[in-house]
Amino acid sequence: MTAGYNDRTCTNGKGGIKSVLLFPLDNLANSAITANEITTLTVTGETFRYKLKSNLSSFTAPIKVNKDNGTLFYEQSLSMIIASDSKELRSEIHLLAQNLVVALVENADGTIVALGFGEGLQVADANEYTSGVLKGDRKGHVIVLNGMENDEVPDVSPAVYAALLAQQSPSV
């Protein structure tokens, strides 16, 4: 340990996700992490951005410790709620489910973090495609991606993120 933390001075802890930029783990060509921030990242091919509605999507990355085995890892889970549906979107979700991906998550406060950066995220069984029941219900998708990582969630430098946004494919 190197320092404590005073949470009583923090008032900018805004929750939520603005968008998620995805790319296949196999397309990660080069990277560098300095002080738990991705400062260099080269991705071959396109990236795929999901712009999300406010107050719906989230991620978790709790630390898991097994004292008996002496192991420590991070169990990452990303839940993207998409309040719409089309045949094109269903096809994209099908393709997403066939890949191991890295997710660059743009938080509501403007910070960007990387999930699945070492071993990737995979679509989980917890996905949902629903019509809703009542007129006010959501018709759409819940996409859940899960993974396990050896290291804590790294931040992504704004310059790296901007460069990868330039590689994004058109949206459906």
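Residues numbered from 1 in each chain as written. Predicted model: local features only at pLDDT ≥ 70, side-chain atom pairs only at ≥ 80, totals over all residues. Heavy atoms only, no water.

Trainee: Quick one: what's the story with the overall build of the protein, residue by residue and with numbers?
Mentor: Counting secondary structure elements, the protein contains 2 helices and 13 strands. Computed over its C-alpha atoms, the radius of gyration of the protein comes to 17 Å, within 12% of the 16 Å expected for a compact globule of 172 residues. Across its three principal directions, the C-alpha atoms of the protein cover 55 × 35 × 35 Å. For the protein, the share of sequence-separated contacts (at least 6 apart) that also reach a separation of at least 24 residues comes to 71%. Of the roughly 10,400 Å² that the protein leaves accessible, carbon and sulfur atoms contribute 49%. Of the charged side chains in the protein, 13 are positive and 19 negative; the average position of the first set lies 12 Å away from that of the second. (Helix = DSSP H or I, 4+ residues; strand = E, 2+ residues; numbered from the N terminus. Rg over C-alpha atoms; globule rule 2.2 N^0.38 Å. Contact = heavy atoms within 4.5 Å. Areas by Shrake-Rupley, 256 points an atom, 1.4 Å probe, with all protein chains shown as cover. Lys, Arg positive; Asp, Glu negative; His and termini not counted. Charge placed at Lys NZ, Arg CZ, Asp CG, Glu CD.)

Trainee: Describe the pattern of salt bridges, naming the residues involved and giving the relevant values.
Mentor: Under the defined criterion, the tally for this structure stands at 3 salt bridges. A salt bridge links K64 to E75; the nearest nitrogen and oxygen atoms lie 3.9 Å apart. Here E75 lies in strand β7 (residues 71-82) and K64 lies in strand β6 (residues 63-66), a separation of 11 residues in the sequence. Relative accessible area serves as the criterion here: at 31%, K64 is assigned to the partly exposed category. Under the relative-accessibility criterion, E75 is labelled partly exposed at 36%. R90 is the partner of D85 in a salt bridge, and the nearest nitrogen-oxygen pair spans 2.5 Å. Note on D85: relative accessible area 23%, which makes it partly exposed. (Salt bridge = Lys/Arg side-chain N within 4 Å of Asp/Glu carboxyl O. Buried < 20%, exposed > 50% of the residue type's maximum accessible area, 1.4 Å probe, protein only.)

Trainee: So, the side chain of S19: which residues are in play, and what are the values?
Mentor: As for its position among the elements, S19 is in strand β1 (residues 17-24). A residue is classified by how much of its surface remains accessible, and S19, at 1% relative accessible area, is buried. At 3.3 Å, the side chain of S19 and the side chain of Y161 are in polar contact. Not counting residues up to four positions away in its chain, the partners in contact with S19 are R49, Y50, K51, L52, L104, V105, E106 and Y161. (Polar contact = N/O pair within 3.5 Å; in protein donor to acceptor, adjacent residues only side chain to side chain.)

Trainee: If you had to explain the pairing of strand β8 (residues 101-107) to someone new, which residues and values would you point to?
Mentor: Counting buried positions along β8 gives 7 out of 7 residues, so the element sits mostly inside the fold. Side chains of β8 alternate between two faces, with V101, A103, V105 and N107 and V102, L104 and E106 buried alike. Bridging between β1 and β8 involves 7 bridges; their strand directions are antiparallel. Bridged to L22 within β8 is A103. With 4 bridges joining them, β8 and strand β9 (residues 112-115) adopt antiparallel strand pairing. Bridge pairing in β9 links A103 to L115. Linkage of β8 to β9, two consecutive antiparallel strands, is achieved through a turn of 4 residues, within which G110 is found at a positive phi near 95°. (Pairing = 2+ DSSP bridges.)

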